[in-house]
Amino acid sequence: MTAMTQRTALRNIAIIAHVDHGKTTLVDALLRQSGNFRDTQLTGDLIMDSNPLERERGITILAKNIAITYRAQDGVETKINLIDTPGHADFGGEVERVLSMADGCFLLVDSAEGPMPQTRFVLSKALSLGLKPIVVINKIDRVDRRPDEVLNEVFDLFVELEADDDQLDFPVLYASGRDGWASHAADVKGADIRPIFEAIIAKVPPAAGDASGPLRLRIQTLAYSEYVGRIGIGRVWGGRIATNQQIKLIGRSGERPGKVQQVQLFEGFGRVDAVEAQAGDIVALVGLPNVEIGDSIVDPKNPSPMPTLDIEPPTLTMTFRVNDSPFVGRDGDHVTSRKIRDRLMRELESNVALKVEETTDTDSMRVSGRGLMHLGILIETMRREGYELSVGKPEVVLRKNENGVLMEPVERLVVDVPEANMGAVMELVGLRRGTLEKMDQRSGVSHLQFSIPARGLIGLRTRLMTATAGEAVVHHTFDGYQPAKGEAPGRTAGVMIANMSGRATTYKINELQVRGTMFVGNTDEVYEGMIVGEHCRENDIVVNVTEAKQLTNFRTTSKDAAEVLRPAWKPTVEQALEYIEADEYVEVTPTAIRIRKTMLKEAERKRADRTKVKAAKIEAMAV
Ligand SMILES: Nc1nc2c(ncn2[C@@H]2O[C@H](COP(=O)(O)OP(=O)(O)OP(=O)(O)O)[C@@H](O)[C@H]2O)c(=O)[nH]1
Ligand SMILES: [Mg+2]
C-alpha cells in the first residue's frame with residue numbers, strides 16, 4: 001500500500017549550465033529578491049561562491065544547497081530548495097549526483113554563446129533522469145545577444161539528445177541574472193526576477209513521496225566539518241527520518257548499523273537542526289559512521305535500499321611528493337610526507353572523485369582526479385594552507401576494456417576563434433590526434449568541434465593561446481573511452497636549467513633572453529637544477545643566470561639600468577603542470593611556483609640519459 005503525498009509547499013530544483021553562463025549570479029538574484037534576508041547579509045560579491053578560491057576564479061567548485069521561502073502575491077508560501085551546480089567539466093560527476101535530488105531544473109544558456117559542450121552534458125543528464133528542464137536564455141542584456149538562434153540551437157540539442165515530446169515542449173524564459181530580471185519575451189525587459197519564481201511554482205512538480213512508507217534515502221553528496229566530521233546529504237524519497245534514530249547503512253562497504261546524531265534541513269545559506277524530516281525533504285545527516293556516496297540509509301526493521309551510485313572514475317593522475325628542493329621549508333609550515341599524507345586523507349572525506357594511493361616510495365603518493373582543474377584546485381588550496389610539495393607530470397588514466405583492449409579517455413573539444421586563426425587551431429589539434437566533427441561560422445568567428453584524446457589536451461590550451469594571440473575560447477568535456485591511439489607529442493622546446501644557486505641578475509637575464517623565454521626576473525633566487533627559462537631550440541641547456549657583470553666603469557652601470565628585460569613567465573599551478581615533462585617537477589610552496597628537473601645535478605641527469613639510451617639499444621638489438 002503506497003500513499004504518495006504531495007508536498008505542495010515544497011519544490012526541489014537544480015540550476016545547470018555550461019561554465020560561466022550565469023547560474024550563481026541568477027541564484028544570487030533569487031536570494032536577494034526573496035525578501036528572506038537582511039540587507040547586511042546580502043552585501044558584497046556573489047554570496048553563493050563563498051570559498052576564497054571560488055571568488056578569486058569566479059567559478060563554482062562545490063555544488064551548494066540553499067533554501068528560500070518564497071511568498072507569492074496571493075500570500076501563499078513555498079519552500080524552494082535550490083541547488084547551484086558547478087559548470088566546469090571536471091565537476092560534471094557532482095552535477096549528475098546532485099541533479100538526481102531535484103524534481104526539476106533550470107537550464108541556463110548564454111544568449112550570445114548558445115549551447116556549449118557542458119550544456120550538452122548537463123542536459124543529457126537531466127533528460128535521462130526524466131526531468132523536464134525550464135530553459136532560461138540568460139544574459140539577455142548582452143549587446144551581442146542572438147536569442148532566436150540560441151533558442152533554435154537549444155531545441156536542436158534536445159532533439160539530438162532524444163528528448164521525448166513532453167520534454168521538447170519545454171518552457172522558455174529570458175533573463176538577465178546580473179541585472180535581476182526575467183521576462184517571457186526576448187525583446188521585453190522584465191521588472192524583476194519574479195517570473196523565475198512563478199515558473200518554479202507552476203512548472204516544477206511539488207516534492208512527493210510516501211511519508212508513511214519505509215525509509216528510502218540515498219547519500220548523493222558529502223560535506224565535511226571539523227567539528228562533526230563527514231556529513232551525508234541526500235533526499236528522503238520515502239518515509240521519515242528523525243534525530244537520534246537508529247538506522248542501517250547499506251552500500252559499497254557492506255551493511256553497518258548506525259545512529260543519526262542530527263537531522264538538518266537547509267535554510268537560507270546554511271542548515272538548521274530539525275527533529276524530523278520526511279519524504280520530499282533534502283537533508284544533511286550528521287554522525288553517520290563512515291558514510292559514503294551511494295549509501296542507502298534504511299530502517300533496520302524494514303530495509304528498503306536504493307541502488308548504489310557509480311562514482312566517475314579518475315581520468316588524470318599525478319605524483320605528490322615531499323619537496324626536496326634546496327629551498328624546502330623556507331616558507332611552508334607543512335613539509336613532511338606525513339603532513340601531506342594526512343592532508344590528502346582529510347580531503348578524501350568530502351572530495352568524492354579524488355583517489356589517493358600509496359606508492360613504493362614512502363615520500364610520494366599517487367593522486368588521481370577528474371582533470372587538471374580538479375587537482376589544480378586541491379594543490380592551490382594546500383599551498384594556501386601552508387603546505388609545500390612537488391608534483392609530477394599529469395598523466396591520463398588508461399584502462400583495459402573487457403576484451404583486454406587498452407582504452408583512453410576522449411574529450412569533446414570546442415574552440416571559438418577568429419576565422420583568420422582557424423588554420424593554426426586545426427593544425428595544433430590535428431597534431432594531437434584530434435578530429436574535426438563540426439564547423440560553423442558566426443559573424444567572423446569560427447566555431448570548431450573536435451573529438452580528441454584527453455592526452456592530447458594536456459598543454460594544448462597554452463599553445464592555442466599563443467598561436468591565436470589569446471583569441472581562442474577553449475572548452476572541453478569528457479566524452480567516453482575509445483581504443484588508445486598512441487602517444488601525444490610532448491613539449492617541443494627544451495629548457496634552460498640553472499647551474500648553481502644564487503640570485504638572477506639583469507645582466508645574465510638580458511643575455512639569455514635572446515635564446516628563449518625567461519621564467520625568472522632580476523634578483524629572483526634560483527638553485528642548481530631549477531628551470532629558469534624555455535630554450536628556443538629542442539634541447540635543454542644548462543645556464544648561469546646568477547653572474548653579475550664586472551663593474552669596470554660608470555658608463556656600463558648606467559647602460560645596465562637601461563637594459564630592458566621582457567617580463568618573466570610566471571605560470572599558475574595548472575599552467576606549470578601542463579608545461580612539464582616526465583623528468584620534471586612543479587615545486588609548490590605558499591609563495592612560489594617553480595619548475596625544476598627531478599634530478600638537480602647535471603651529472604646525474606647525464607648518467608640517467610645514458611642508461612636510457614643503452615636500454616633502448618639493447619631493446620633494438622633484441623627485436
Ligand atoms: N551580461 C551579463 N553578464 C552576466 C549575467 N549573469 C552573470 N554574468 C557574468 O558572467 C560571469 C559568470 O557568472 P556566474 O554566475 O559566476 O556563472 P556560473 O554559471 O555560476 O559559473 P560556474 O559556476 O563557474 O559554472 C560573471 O562574470 C558574471 O558577472 C547577466 O545576466 N548578464
Ligand atoms: Mg557558479
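See above for the structure.
Summary of the structure given here.

About the thresholds
- Residues numbered from 1 in each chain as written.
- Chains lettered and ligands numbered in written order.
- Predicted model: local features only at pLDDT ≥ 70, side-chain atom pairs only at ≥ 80, totals over all residues.
- Helix = DSSP H or I, 4+ residues; strand = E, 2+ residues; numbered from the N terminus.
- Rg over C-alpha atoms; globule rule 2.2 N^0.38 Å.
- Buried ≥ 20, exposed ≤ 12 C-beta atoms within 10 Å, placed from the backbone.
- Contact = placed C-beta atoms within 7 Å.
- Arc of directions from axis to C-beta.
- Pairing = 2+ DSSP bridges.
- Axes fitted to C-alpha atoms, helices over the stretch in contact; angles between N-to-C directions.
- Near = placed C-beta within 6 Å.
- Nonpolar A, V, L, I, M, F, W, Y, C, P; charged D, E, K, R; others polar.
- Parallel < 35°, antiparallel > 145°, perpendicular 65-115°, else oblique.
- Left-handed = near helix turned anticlockwise from the far one by under 90°.
- Core = buried A, V, L, I, M, F, W, Y, C linked by C-beta atoms within 7 Å.

Focus on the overall build of the chain
- Across its full length, the chain carries 16 helices and 37 strands.
- In terms of overall size, the chain behaves like a compact globule, its C-alpha atoms giving a radius of gyration of 27 Å where 623 residues would be expected to give roughly 25 Å.
- Every one of the 623 residues in the chain was classed for burial, and the buried ones make up 42%.
- For the chain, contacts bridging at least 24 residues in sequence account for 70% of all contacts bridging at least 6.

Points about helix 7 (residues 194-203)
- Those residues of helix 7 that fall on the buried side of the exposure criterion are Ile196, Phe197, Ala199 and Ile200. Considered in projection along helix 7, the buried side chains sweep an arc of 160° and stay on one side of the axis.

Regarding the sheet that holds strand 35 (residues 541-543)
- Ordered in space as 32-34-30-35, the four strands form an open sheet in which the pairing is mixed. Single-partner strands in this sheet number two, and they are strand 32 (516-518) and strand 35. Sheet twist, expressed as the average angle between the axes of neighbouring strands with direction ignored, equals 30°.
- The sheet contact formed by strand 32 and strand 34 (residues 531-535) spans three bridges and is antiparallel. Note on strand 34: the bridge partner recorded for Gly516 is His535.

Quick word on the site of ligand 1
- Taken together, 21 residues lie near ligand 1, and Thr24, Thr25, Ile59, Thr60 and Gly87 sit nearest.
- Sort the elements by how many residues they give to the shell around ligand 1 and helix 1 (residues 23-33) lands first, with three residues.
- Taken together, the residues of the shell around ligand 1 sort by class into four nonpolar, eleven polar and six charged.

Quick look at the packing of helix 3 (residues 92-99) against helix 4 (residues 117-128)
- Running from amino to carboxyl end, helix 3 crosses helix 4 at an angle of 25°, the nearest separation of the two axes being 10 Å. The orientation of helix 3 relative to helix 4 falls into the category roughly parallel. For helix 3 against helix 4, the interelement crossing comes out right-handed. Between helix 3 and helix 4, the contacting residues are Gly92, Val95, Glu96 and Leu99 on the first element and Phe121, Val122, Lys125 and Ala126 on the second.
- Residue classes in the contact of helix 3 with helix 4 are distributed as five nonpolar, one polar and two charged.

What to know about the pairing of strand 34
- Where strand 30 (residues 495-498) and strand 34 come together, three bridges link them in antiparallel fashion. Along strand 34, the bridge assignment pairs Val495 with Glu534.

Considering the environment of Glu525
- For Glu525, the location among the structural elements is in strand 33 (residues 525-526).
- The spacing of Glu525 and Asn302 is 223 residues in sequence and 67 Å in space, taken between C-alpha atoms.

Observations concerning the sheet that holds strand 8 (residues 181-183)
- Strands sit in the order 3-4-2-5-6-7-8 across an open sheet of seven strands; the sheet is mixed. Unpaired on one side and paired on the other, strand 3 (64-71) and strand 8 mark the two borders of the sheet. In this sheet, adjacent strand axes meet at a mean angle of 30° when their direction is disregarded.
- When strand 6 (residues 134-138) meets strand 7 (residues 172-176), the two strands line up parallel, connected through three bridges.

Quick word on unusual backbone geometry
- Positioned with a positive phi, Asn290 is a non-glycine residue whose angle comes to about 45°.
- As for its placement among the helices and strands, Asn290 is situated in the loop between strand 18 (282-286) and strand 19 (296-298).
- Despite not being glycine, Arg433 has its phi angle at roughly 65°, a positive value.
- When you line up the elements, Arg433 lands in the loop between helix 10 (422-431) and strand 27 (435-442).

Remarks on the nonpolar core
- Counting 81 residues, the largest nonpolar core has Ile15, Ile16, Cys105 and Leu107 as the members making the most contacts within it.
- In this structure Ile15 touches Lys23, Leu26, Val27, Leu82, Ile83, Asp84, Thr85, Cys105, Phe106 and Leu108, once residues within four positions along its chain are discounted.
- Core analysis: the next-biggest nonpolar cluster, separate from the first, contains 60 residues, Val367, Ile458, Ala472 and Ile593 among them.

Focus on the pairing of strand 37 (residues 593-597)
- Counting buried positions along strand 37 gives five out of five residues, so the element sits mostly inside the fold.
- Residues Ile593, Ile595 and Lys597 of strand 37 are buried on one face, and the alternating residues Arg594 and Arg596, pointing to the opposite face, are buried as well.
- Looking at chain direction, strand 36 (residues 584-588) and strand 37 are connected through five bridges and run antiparallel. By the bridge assignment for strand 37, Glu584 is matched with Lys597.
- Count of turn residues in the strand 36/strand 37 antiparallel hairpin: four residues.

Some points on the environment of Ser350
- For Ser350, the position within the fold is in the loop between helix 8 (337-348) and strand 21 (355-358).
- Sequence separation of Ser350 and Tyr224 is 126 residues, and the distance between their C-alpha atoms is 5.9 Å.
- Excluding its chain neighbours within four sequence positions, the residues that come into contact with Ser350 are Leu222, Ala223, Tyr224 and Arg230.

Comments concerning the packing of helix 10 against helix 12 (residues 460-467)
- In contact at an axis separation of 10 Å, helix 10 and helix 12 are set at 155° when each is read in the N-to-C sense. With respect to helix 12, the element helix 10 is oriented roughly antiparallel. When you trace helix 10 past helix 12, the crossing you get is right-handed. Facing Ala424, Val425 and Leu428 of helix 10, the residues of helix 12 in contact are Leu460, Arg463, Leu464 and Ala467.
- Among the residues forming the contact of helix 10 with helix 12, the class breakdown is six nonpolar, no polar and one charged.

Focus on the environment of Val263
- Structurally, Val263 is set in strand 15 (residues 262-267).
- For Val263, a count of 24 C-beta atoms within 10 Å gives the class buried.
- Taking the C-alpha atoms as reference, Val263 lies 5.1 Å from Thr243; in sequence the two are 20 residues apart.
- Beyond its immediate stretch of four places on either side in the chain, Val263 contacts Ile241, Ala242, Thr243, Ala274, Glu276, Ala277, Val283 and Leu285.

Note that every value here comes from positions in space, so none of it alone points to a role or purpose.
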